[in-house]
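Structure assessment
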Amino acid sequence: MKVNSQYNTKKSLLELYNKPLLELVFEAATMHRQYHDPREVQMSSLLSIKTGGCSEDCGYCPQAARYNTDVDAQKLMTVDSVVEQAKNAKENGSSRLCMGAAWREVRDNKDFDNVVEMVQSVNELGMEVCCTLGMLNENQAERLKNAGLFAYNHNLDSSKEYYKDVISTREYEDRLNTIENARKAGISVCSGGIIGMGEAVEDRIGLLLSYMEMETPPESIPINALVAVEGTPLEDQKPIEQWEMIRMVATTRIAFPKSVVRLSAGRTKMNMEGQALCFMAGASSIFAGDKLLTTPNPEFNEDMEMFKILGLTPKAAFSDDEQPVSLPDPIIEERKKKEMERAQQLAEARAKHEGFTPRKVTLVD
Ligand code: SAM
Ligand code: DTB
Ligand code: SF4
């Protein structure tokens, strides 16, 4: 059961969300156990491969160039340093790496070729590779799929109605198109939202209804609490109560029984008991490591302690789906061939001139 037909209307979802908390958690926990192992929680690592300088105006985002935040624009990381970070993450127990870029959309250039190479290399380490790079066309989705991309993250963030209040530089429809392009390429879809941006409960339900309307709902639904960052338009938003996070996780779990519900940004404002109720209510993934993309996340050791206390175990990679195969990318192969040819020509030219002593020239005025 991918969507729960008992809760596919605004009214029924609102009623569910507003149930007495413990009843809601109990119902969610019961559903969770039907489709998931309640002891397992996936540890994913986030890596900001291209930080800051983004042209979009997402009101929550510290990486938008137009806001005066502490985040400075950086260049794309190198493939080698991404592989090094991925190895570290794997050693620390992460089975998934999510690479994020502060781009409005993917462009067909050398940077994208490098991202394709990153996907190939990290997939070859045996980790689930997820990317979140902004808008994507069909061809770009296809290249990522062939490189071995497991999942593409592209959040709808909130309801269609509230979205306009938070972002003006793109439409909800643009987001839906990108999700569709990833889906068509056969990539697993990760898409979720942020609560605590000043939206009404109806907007949280509206987000879930957008996923209900899809032919296939996302395999993975991250639930983020806003991390209010100084300098962004949402800097003064009051932190949400953790009960709201628990309600949102539980409602999502019940509405999409098979999807992985990810307890994402905002955990630094939660205590262990609050997080435990989220796991009870069906969250089965966290971001591990003391940094999300640009903002803080609980310390690794703190999370390990929490896993120990709650009796949770980290989930292995590819437990729900097969590992994708990384195929050679024709554009990268062609570029490498050209680079080899150029290097060879240069070496030949050097060899030709070896032993050649330039004639002495006397300059006269
Ligand atoms: N630029 C790409 C895009 O927007 O799709 C990918 C990177 S973007 C940072 C990925 C997601 O992070 C956003 O869609 C948003 O849901 C989440 N995010 C960004 N800033 C956040 C914040 N301050 N608090 C919570 N979530 C945030
Ligand atoms: C998602 O839903 N949350 C993650 C991941 N997908 C890419 C990102 C959270 C970012 C929080 C703000 C920051 O650290 O910059
Ligand atoms: Fe750019 Fe993504 Fe941040 Fe929006 S959320 S400003 S698109 S990096």
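Note: the structure precedes this text.
Keep in mind it's a predicted model, so treat the numbers as computed, not measured. Residue positions are given per chain, counted from 1 along the sequence in the order it is written. Each chain is given a letter, starting from A, and each ligand a number, starting from 1, according to the order in which they appear as written. Local features in this predicted model are restricted to residues of pLDDT 70 or higher, and side-chain atom pairs are both shown and tallied only at a pLDDT of 80 or more, whereas totals for entire chains, interfaces and linings draw on every residue.

**Points about the site of ligand 3**
- Every residue near ligand 3 is listed here: Cys 54, Glu 56, Cys 58, Cys 61, Gln 63, Ala 64, Ala 102, Arg 104 and Gly 134.
- Looking at the shell around ligand 3 residue by residue, the classes come out as five nonpolar, two polar and two charged. Using a C-beta atom placed from the backbone, a residue is scored as near a molecule or strand whenever that atom is within 6 Å of it. Side-chain classes follow a simple rule in which Ala, Val, Leu, Ile, Met, Phe, Trp, Tyr, Cys and Pro form the nonpolar group, Asp, Glu, Lys and Arg form the charged group, and the remainder, Gly included, forms the polar group.

**Observations concerning the site of ligand 2**
- If you check the shell around ligand 2, you find 17 residues, and the closest are Pro 222, Leu 292, Leu 293, Thr 294 and Thr 295.
- Counting only elements with at least two residues in the shell around ligand 2, the list comes to strand 2 (96-101) and strand 7 (220-225).
- Of the residues assigned to the shell around ligand 2, the class counts are eight nonpolar, nine polar and no charged. Elements are defined by DSSP. Helices are runs of H or I of four residues or more, strands are runs of E of two residues or more, and each kind is numbered from the N terminus.

**Considering the packing of helix 4 (residues 110-124) against helix 5 (residues 138-147)**
- Lines fitted to C-alpha atoms define the axes, with helix axes restricted to the stretch in contact, and inter-axis angles between N-to-C directions lie between 0 and 180 degrees. Relative to each other, helix 4 and helix 5 sit at 30 degrees, their axes nearing to 8 Å. One finds that helix 4 runs roughly parallel with respect to helix 5. When the axes of helix 4 and helix 5 are compared, the crossing they make is right-handed. Every residue of helix 5 that contacts helix 4 at Val 116, Val 119 and Gln 120 is listed here: Arg 143, Leu 144 and Ala 147.
- Grouping the constituent residues of the contact of helix 4 with helix 5 by class yields four nonpolar, one polar and one charged. Each angle is binned into one of four classes, with values under 35 degrees roughly parallel, values over 145 roughly antiparallel, values of 65 to 115 roughly perpendicular, and all other values oblique. Note on convention: the crossing is left-handed when the near helix lies turned anticlockwise from the far helix by less than a right angle, right-handed when the turn is clockwise. Whether two residues are in contact is decided by their C-beta atoms, placed from the backbone, lying within 7 Å.

**A look at the environment of Pro 324**
- Here Pro 324 is to be found in the loop between strand 10 (313-314) and helix 12 (330-353).
- Judged by the 22 C-beta atoms lying within 10 Å of it, Pro 324 falls in the buried class.
- Considering only alpha carbons, one finds Pro 324 and Val 25, 299 residues apart in sequence, at a separation of 35 Å. Three exposure classes are used. Buried residues have 20 or more other C-beta atoms within 10 Å of their own C-beta, exposed residues have 12 or fewer, and partly exposed residues fall in between, all C-beta atoms being placed from the backbone.

**Brief notes about the environment of Leu 149**
- Tracing the backbone through its elements, the reader meets Leu 149 in the loop between helix 5 and strand 4 (151-153).
- Of the residues examined, Leu 149 has 29 C-beta atoms within 10 Å and is grouped as buried.
- Distance in space between the C-alpha atoms of Leu 149 and Thr 313 is 25 Å, their sequence separation being 164 residues.
- Not counting residues up to four positions away in its chain, the partners in contact with Leu 149 are Val 119, Val 129, Cys 131, Leu 144, Ile 187 and Pro 324.

**What to know about the nonpolar core**
- Leu 97, Val 119, Cys 131, Tyr 152 and Val 249 are the most contacted members of the largest nonpolar core, which has 95 residues in total.
- Of the residues forming this core, the biggest block, seven residues, is contributed by helix 9 (residues 242-255).
- The residues touching Cys 131, leaving out its near neighbours within four places in the chain, are Met 99, Val 115, Val 119, Leu 144, Leu 149 and Tyr 152. By convention the nonpolar core is taken to be a set of buried residues drawn from Ala, Val, Leu, Ile, Met, Phe, Trp, Tyr and Cys and joined through C-beta atoms within 7 Å.

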